[in-house]
Amino acid sequence: MEGLLVHIHMKTQIHDQGRKETNTVKATGRLMSKGQVTYLRFEEPAEEGIDKTMQTVKVQQGEMSVIRKGAVNMNQRFVTGVETEGTYHSPYGPMRMLTDTKNVRFLWDESASKGEIQLSYALTLQGEFAGDYEMRVTLKEDKERQ
């Protein structure tokens with residue numbers, strides 16, 4: 001697999017009925033561009049006793065898709081200003097996801113070899129509101145291991 005080797009720092013904040021939860025994921029992956037579309041592919045850090053999950057993020061202007069395969073299987077599109085439906089398969093079975101995307105942005109600074117993906121959306125799982133999500137993915141080229 002070609003592309004730029006990058007350090008990934010993904011921070012997700014979830015706001016649900018006055019509660020706030022923050023999740024952080026750090027990984028190394030590959031960033032590739034094909035025309036107007038950018039792909040980010042990485043292996044999620046595995047939790048003990050749980051199979052690995054590969055994540056592919058496809059981002060273009062105002063739209064993003066997240067595909068996860070492994071311990072968790074998920075396929076969801078995020079389109080600014082649009083409600084989209086997807087499926088989340090966990091060890092507990094499949095769940096219907098509905099996302100109302102507020103904003104999707106991808107910024108890349110070619111000269112500094114770093115960038116950021118920003119995503120904000122409201123999530124409904126199985127018909128129940130699951131919170132407002134703010135996700136920020138910081139990307140930086142791994143110059144030592146290219």
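Report follows, based on the coordinates. The model shown is predicted, which means the values in this text are computed figures rather than measured ones.

1. A look at the overall build of the protein chain
Now for step 1: In terms of helices and strands, the protein chain carries zero helices and 10 strands.
Now for step 2: Secondary structure of the protein chain in N-to-C order comes out as β-β-β-β-β-β-β-β-β-β.
Now for step 3: Taken against the 2.2 N^0.38 rule, which gives 15 Å for 146 residues, the C-alpha radius of gyration of the protein chain at 15 Å falls within 12% of a compact globule.
Now for step 4: Counting only C-alpha atoms, the protein chain reaches 45 × 40 × 30 Å along its principal axes.
Now for step 5: Buried positions account for 41% of the 146 residues belonging to the protein chain.
Now for step 6: A sequence separation of at least 24 residues applies to 34% of the contacts in the protein chain between residues at least 6 apart.
Now for step 7: For the protein chain, the exposed surface amounts to about 8900 Å²; the carbon and sulfur share of it is 46%.
Now for step 8: The positive charge centre, built from 20 side chains, and the negative charge centre, built from 21, are 3 Å apart in the protein chain.

2. Observations regarding the pairing of strand E1 (residues 4-16)
Now for step 1: By the bridge criterion, 13 bridges tie E1 to strand E2 (residues 19-34) in an arrangement that is antiparallel. By the bridge assignment for E2, Ile8 is matched with Ala27.
Now for step 2: Here E1 folds back onto E2, and the loop between the two strands holds two residues, one of which, Gln17, carries a positive phi near 45°.
Now for step 3: In this structure, E1 lies alongside strand E10 (residues 128-141), joined through 10 bridges in antiparallel fashion. Residue pairing in the sheet places His9 in a bridge with Thr138 of E10.

Conventions and cut-offs
- Residues numbered from 1 in each chain as written.
- Predicted model: local features only at pLDDT ≥ 70, side-chain atom pairs only at ≥ 80, totals over all residues.
- Heavy atoms only, no water.
- Helix = DSSP H or I, 4+ residues; strand = E, 2+ residues; numbered from the N terminus.
- Rg over C-alpha atoms; globule rule 2.2 N^0.38 Å.
- Buried < 20%, exposed > 50% of the residue type's maximum accessible area, 1.4 Å probe, protein only.
- Contact = heavy atoms within 4.5 Å.
- Areas by Shrake-Rupley, 256 points an atom, 1.4 Å probe, with all protein chains shown as cover.
- Lys, Arg positive; Asp, Glu negative; His and termini not counted.
- Charge placed at Lys NZ, Arg CZ, Asp CG, Glu CD.
- Pairing = 2+ DSSP bridges.

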